[in-house]
Amino acid sequence: MNISVIGAGQMGAGIAQVFAVAGHQVSLVDISTESLDRGLASVQSSLARVLKKERITEVELATAVANISLHTDMAEGVSEADLVIEAATENVDLKLKIFAELARLAPAAAPLASNTSSISITRIAAATDRPEKVIGMHFMNPVPVMKLIEVIRGYATNDETTKMVMQLSRDLGKVPVEVTDYPGFVANRILMPMINEAMYTLWEGVADVEAIDTVMKLGMAHPMGPLQLADYIGLDTCLAILNVMQEGFGRLHYQACPLLVNMVTAGKLGRKSGEGFYDYSGGGKEMVVSKSFKI
C-alpha cells in the first residue's frame, strides 16, 4: 500500500517508520525540507538502535529507509495514497485546514486518518467531503515500540473504513482497540486527569517531583511517574488535551493545573524543550529534577 503521513515530527516519523519496515511505500509530507530531514534522521537513528539489538539486518534497514520518500508539496505527497495519516500538532484549526486540503487532493477512495490524541473525529470529518472515510488512528509514543492503536470512529465513519484500519493495524503487529468519538477517547480521558492531579499535588505542596513520581512507580507499578511522563508527552500537548476535554465535558477535573499553564507559557515543555519537571540537558540519560523548576 501507499501510505501518506502528514507531519514529520516525533509521531509522524515513528508512524512512517513502522509502515516502511512493514514493506509499505511511505510519502512523508511536511512544510519544510528541514523538518523532513530531521524526521528521516529520526527514523534512521531509531532503526540503527534496532539493528544494534540484532532485530533487523542491514539490508532490512536500508530497504525500510528506501521505502520513505520526502515531500514538501502536499498534492504530490498524497496523489497516490491508499491511506493518509495526519500527525500534525494537536491544534483544532490546523487539523481542520489540513483535512479540508486532503479532501481536495487525496484520491477519492483513500481513507483519511488522524493521529489526534483528543480532538473530535466527527468535527475533523465535517471539514471534508468524505466523512464516512475519516477515522482516528491514535498511535502511542514511541510509535515503533508501543503496541496499542486507538481506532476512533466518528459519527459518520463507515464499517468498511473501520475494518480496513483495524486489519492494517494488526498487519503492523499492533493491537487496535475500537473506541467511540468522545473527547480524549479512552487513553487520555483516563491518563490526563491523573497527570493533572499529580501537578496539583505538586502545586499544593503535598510532595516534591521525585516523591510523586516514586510513589506512582513503586506503589502503582507504573514504568514512569506522571510528571516524567508529562515531560515525555510534552507539557504543551498535555495542556492542549486537557483544554479539549474541559471544553467537551465542562468538568472541573479536566481544568488544567495553573502550574502546567505557567510552565507552558514559560516555554518549559519537557523533553522537547530540554526542560520541564526534569532537566534533559544531558540527553535524558542523566535526568535530574530541574534546578530552575519552581512552583
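Residues numbered from 1 in each chain as written. Predicted model: local features only at pLDDT ≥ 70, side-chain atom pairs only at ≥ 80, totals over all residues. Heavy atoms only, no water.

The terminal C-alpha atoms of helix α1 (residues 10-21) lie 17 Å apart, and with 12 residues this matches the ideal 16 Å at 1.5 Å per residue to within 8%. Burial runs high along α1: 10 of the 12 residues are buried. Among the residues of α1, Met11, Gly12, Ala13, Gly14, Ile15, Ala16, Gln17, Val18, Phe19 and Ala20 are the ones counted as buried. At the C-terminal side of α1, Gly23 shows a positive phi close to 100°. (Helix = DSSP H or I, 4+ residues; strand = E, 2+ residues; numbered from the N terminus. Expected span 1.5 Å × (residues − 1). Buried < 20%, exposed > 50% of the residue type's maximum accessible area, 1.4 Å probe, protein only.)

As a further point, take the environment of Gln228. Summarising the element assignment, Gln228 is placed in helix α10 (residues 226-233). In this structure the C-alpha to C-alpha distance between Gln228 and Glu60, which are 168 residues apart in sequence, comes to 34 Å.

Before going further, it helps to examine the UniProt feature "domain: 3-hydroxyacyl-CoA dehydrogenase C-terminal" (unreviewed entry) in the protein chain. Mapped onto the present numbering, the UniProt feature "domain: 3-hydroxyacyl-CoA dehydrogenase C-terminal" (unreviewed entry) falls on residues 184-280. Taken end to end, residues 184-280 is 62% helix and 2% strand, and its two terminal C-alpha atoms sit 28 Å from one another. (UniProt positions renumbered as here; feature names shortened; annotations may be inferred.)

Let us look at the nonpolar core. Ile15, Phe19, Ile68, Ile85, Met137 and Phe139 are the most contacted members of the largest nonpolar core, which has 35 residues in total. Per-element tally for this core: the top contributor is α1, with 7 residues. Discounting chain neighbours no more than four positions away, the residues touching Ile15 are Val5, Ile85, Ala87, Asn115, Phe139 and Val143. Core analysis: the next-biggest nonpolar cluster, separate from the first, contains 28 residues, Ile195, Ile212, Leu235 and Met263 among them. (Core = buried A, V, L, I, M, F, W, Y, C linked by side-chain atoms within 4.5 Å. Contact = heavy atoms within 4.5 Å.)

Closest axis-to-axis distance for the helix α2 (residues 33-52)/helix α3 (residues 58-66) pair is 10 Å, and the angle between their directions is 165°. Classed by the angle they form, the pair α2 and α3 counts as roughly antiparallel. Crossing of α2 over α3 shows right-handed handedness. Where α2 abuts α3, its residues Leu40, Gln44, Leu47, Ala48 and Leu51 lie against Glu58, Leu61, Ala64 and Val65. Its residues assigned to classes, the contact of α2 with α3 shows 7 nonpolar, 1 polar and 1 charged. (Axes fitted to C-alpha atoms, helices over the stretch in contact; angles between N-to-C directions. Parallel < 35°, antiparallel > 145°, perpendicular 65-115°, else oblique. Left-handed = near helix turned anticlockwise from the far one by under 90°. Nonpolar A, V, L, I, M, F, W, Y, C, P; charged D, E, K, R; others polar.)

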